[in-house]
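Okay, here's what each chain looks like letter by letter:
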Amino acid sequence: MSIFSKATISGAVLALALGATTALADGVVTVYTAAPQNFIDSIVPGFEKATGTKVEIIKAGSGELLNRLRAESPSPVADVLWSVDATTVDFNPELFKAYKSVHDAALVPELKVSEMWNPFTAIVFALAVNEEQLGDLPVPASWADLAKPEYDDLISSARADKSGSAFIQFATVLQTYETEEKGWEIYKGMLSNFVLSGSSGAVPRFVNDGELPIGVTMEDAALRYKLGGGPVSIVYPSEGTAIAPDAVALIAKAPHEDNAKSFIDYVVSEEAQKMVAEEGRRPVRVDVASNENLVPLSEIKSMGYDFGWAAKERARLVKEWSDIVLDLQ
């Protein structure tokens, strides 16, 4: 069953009534983001036009942005952290301030799992596959398939200690099986087959360009190459995958707090969420449909990703991941 299916009719009516009611503002807002460039290029100009506020973007991986926020916390520079793994916020609550968007009633209830952040998109994790480069090997259909020795050095993945999305992929495998020990058994086999990259954006590009036949990535990233005519197909692991919101959050002691709230309101507005759908990622509003080129969420098995567990165990898991990588080198 789709995670969107529980949204009530009353919620949809409220969403339509709210519309894109982002308050007008002026001045500047500084946004730290790990968002794909296509989201920045479409949504930021829309916000600037709607509000008159200039957006200053600092783009980097979620790990680098978090380190920067920690260093700057006595006197913050940023106002908003946009499009990052939500556990980044949950695991560092002292760096953020709770804010409920004016569009809260229009958001899919199942995606609102923390008062510290608002969902920006619903990310579905998948495999990007270039069948032309697989040769006689079968197309992997599951997480367990990725651990098979025949796929040694054929799988592209970002580093779980550098990329928020790669950490979710890692934690997804650990949570998918009946015990964490079994998850580790599968994941260690996967990790031995990985060619690691510091950038999650590089993963589907490697697959599209034929450098590696398989990539562990997000469905929207794979879809962009597929729609561009690339030799990329999207596979959803048969055991189930994570369907997870990424976060947009207000920085504690933000120097431009009102403009930060206005930015958060805009990125979850109907106008911006339609841009999200056009770019191939799942919107978070009950009144905005997914991109027509994606399979319905009802056809994708969700493994029920546990954000609380991932946030609580993140430091331990990343350390264990790093230790294993060192042993493999």
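In this text the structure is predicted, and so the values were computed from the model without any measurement.

1. Quick word on the overall build of the protein
Reasoning step 1: Secondary structure assignment for the protein yields twelve helices and ten strands.
Reasoning step 2: Computed over C-alpha atoms, the radius of gyration of the protein comes to 19 Å, within 12% of the 20 Å expected from 2.2 N^0.38 for 329 residues, which places it in the range of a compact globule.
Reasoning step 3: Counting every position in the protein, which comprises 329 residues, the buried fraction comes to 57%.
Reasoning step 4: Long-range contacts, defined as pairs at least 24 residues apart, comprise 78% of the intrachain contacts of the protein with a sequence gap of at least 6.
Reasoning step 5: When the accessible surface of the protein is totalled, it reaches about 13,400 Å², and 52% of it is carbon and sulfur.

2. With respect to helix α2 (residues 37-51)
Reasoning step 1: Helix length check: α2 (15 residues) gives 21 Å between terminal C-alpha atoms against 21 Å at 1.5 Å per residue, within 8%.
Reasoning step 2: Of the positions making up α2, those classed as buried are Asn38, Phe39, Ile40, Ile43, Val44, Gly46, Phe47 and Thr51.
Reasoning step 3: Two residues or fewer past α2, Gly52 is found with a positive phi of approximately 80 degrees.

3. A look at unusual backbone geometry
Reasoning step 1: Look at Asp153: it is not a glycine, yet its phi comes out positive at around 60 degrees.
Reasoning step 2: A positive phi angle, close to 60 degrees, is found at Lys253, a residue other than glycine.
Reasoning step 3: With respect to the helices and strands, Lys253 occurs in the loop between β10 (243-251) and α10 (257-267).

4. Here we look at helix α9 (residues 219-227)
Reasoning step 1: Of the positions making up α9, those classed as buried are Glu219, Asp220, Ala221, Ala222 and Leu223.
Reasoning step 2: Next to the buried residues of α9 lie α2, β5 (118-129), α8 (202-208), β8 (214-218) and β9 (233-235).
Reasoning step 3: With its phi angle positive at about 95 degrees, Gly229 sits one or two positions after the end of α9.

5. Focus on the confidence of the model for the protein
Reasoning step 1: Scored by pLDDT, the protein comes out at a mean of 91, with 92% of its residues at no less than 70.
Reasoning step 2: Across residues 1-24 the pLDDT falls below 50, and counting only partners more than four positions away or on other chains, this stretch makes 48 contacts in the model.

6. Section: the pairing of β10
Reasoning step 1: With nine of its nine residues buried, β10 lies for the most part within the structure.
Reasoning step 2: Sheet topology places strand β3 (residues 80-85) next to β10; five bridges connect them, and they run antiparallel. Residue pairing across strands places Trp82 opposite Val248, the latter belonging to β10.
Reasoning step 3: Sheet analysis places strand β4 (residues 96-97) next to β10, joined by two bridges and oriented antiparallel. Within β10, the residue paired with Phe96 across the bridge is Ile251.

7. A short note on the packing of α2 against helix α11 (residues 270-278)
Two quantities define a packed helix pair, namely the angle between the axes and the distance from one axis to the other.
Reasoning step 1: Look at α2 against α11: their axes get within 10 Å of each other, and the N-to-C directions meet at 155 degrees. In terms of orientation, α2 lies roughly antiparallel with respect to α11. Crossing hand, α2 versus α11: right-handed. Residues Phe39, Ser42 and Ile43 of α2 form the contact with α11, whose participating residues are Ala272, Met275 and Val276.
Reasoning step 2: Class assignment of the residues belonging to the contact of α2 with α11 gives a composition of five nonpolar, one polar and no charged.

8. Looking at the pairing of strand β2 (residues 53-59)
Reasoning step 1: When strand β1 (residues 27-33) meets β2, the two strands line up parallel, connected through seven bridges. Within the sheet, the bridge partner assigned to Thr33 lies in β2 and is Lys59.

9. Details of the side chain of Thr176
Reasoning step 1: Turning to its location among the elements, Thr176 is positioned in helix α6 (residues 164-176).
Reasoning step 2: Of the polar contacts made by the side chain of Thr176, one reaches the backbone oxygen of Thr172; its length is 2.6 Å.
Reasoning step 3: Look past the residues within four positions of Thr176 in its chain and what remains in contact with it is Trp143, Glu239, Gly240 and Met303.

10. A word on the packing of aromatic side chains
Reasoning step 1: Going through the model one piece at a time under the given rule, you end up with eleven aromatic pairs.
Reasoning step 2: Here the aromatic rings of Phe167 and Phe170 are separated by 6.1 Å at their centres, their planes lie at 80 degrees, and the arrangement is edge-to-face. Taken as a pair, Phe167 and Phe170 lie in helix α6 at a separation of three residues, close to a single helical turn. Both residues of the pair, Phe167 and Phe170, belong to the buried class.
Reasoning step 3: Through a chain of ring-to-ring contacts, three or more aromatic side chains come together here, namely Phe39, Phe47, Trp82, Phe120, Phe263 and Tyr266.

11. So, the pattern of salt bridges
A side chain with one charge may pair with a side chain of the opposite charge, provided their charged atoms come close.
Reasoning step 1: Considering all chains together, one arrives at 19 salt bridges under this definition.
Reasoning step 2: For the salt bridge of Arg316 with Glu180, the shortest nitrogen-to-oxygen distance reads 3.0 Å. Residue Arg316 is located in helix α12 (residues 307-328), and its partner Glu180 is located in helix α7 (residues 180-193); the two are separated by 136 residues in the primary sequence.
Reasoning step 3: On the basis of relative accessibility, which here comes to 27%, the residue Glu180 falls in the partly exposed class.
Reasoning step 4: Salt bridges here are not isolated pairs; linked through shared partners, they connect Glu180, Glu313, Arg316 and Glu320.

The rules behind each value
Residues numbered from 1 in each chain as written. Predicted model: local features only at pLDDT ≥ 70, side-chain atom pairs only at ≥ 80, totals over all residues. Heavy atoms only, no water. Helix = DSSP H or I, 4+ residues; strand = E, 2+ residues; numbered from the N terminus. Rg over C-alpha atoms; globule rule 2.2 N^0.38 Å. Buried < 20%, exposed > 50% of the residue type's maximum accessible area, 1.4 Å probe, protein only. Contact = heavy atoms within 4.5 Å. Areas by Shrake-Rupley, 256 points an atom, 1.4 Å probe, with all protein chains shown as cover. Expected span 1.5 Å × (residues − 1). pLDDT = per-residue confidence, 0-100. Pairing = 2+ DSSP bridges. Axes fitted to C-alpha atoms, helices over the stretch in contact; angles between N-to-C directions. Parallel < 35°, antiparallel > 145°, perpendicular 65-115°, else oblique. Left-handed = near helix turned anticlockwise from the far one by under 90°. Nonpolar A, V, L, I, M, F, W, Y, C, P; charged D, E, K, R; others polar. Polar contact = N/O pair within 3.5 Å; in protein donor to acceptor, adjacent residues only side chain to side chain. Phe/Tyr/Trp six-rings, centres within 6.5 Å; stacked < 30°, edge-to-face > 60°. Salt bridge = Lys/Arg side-chain N within 4 Å of Asp/Glu carboxyl O.

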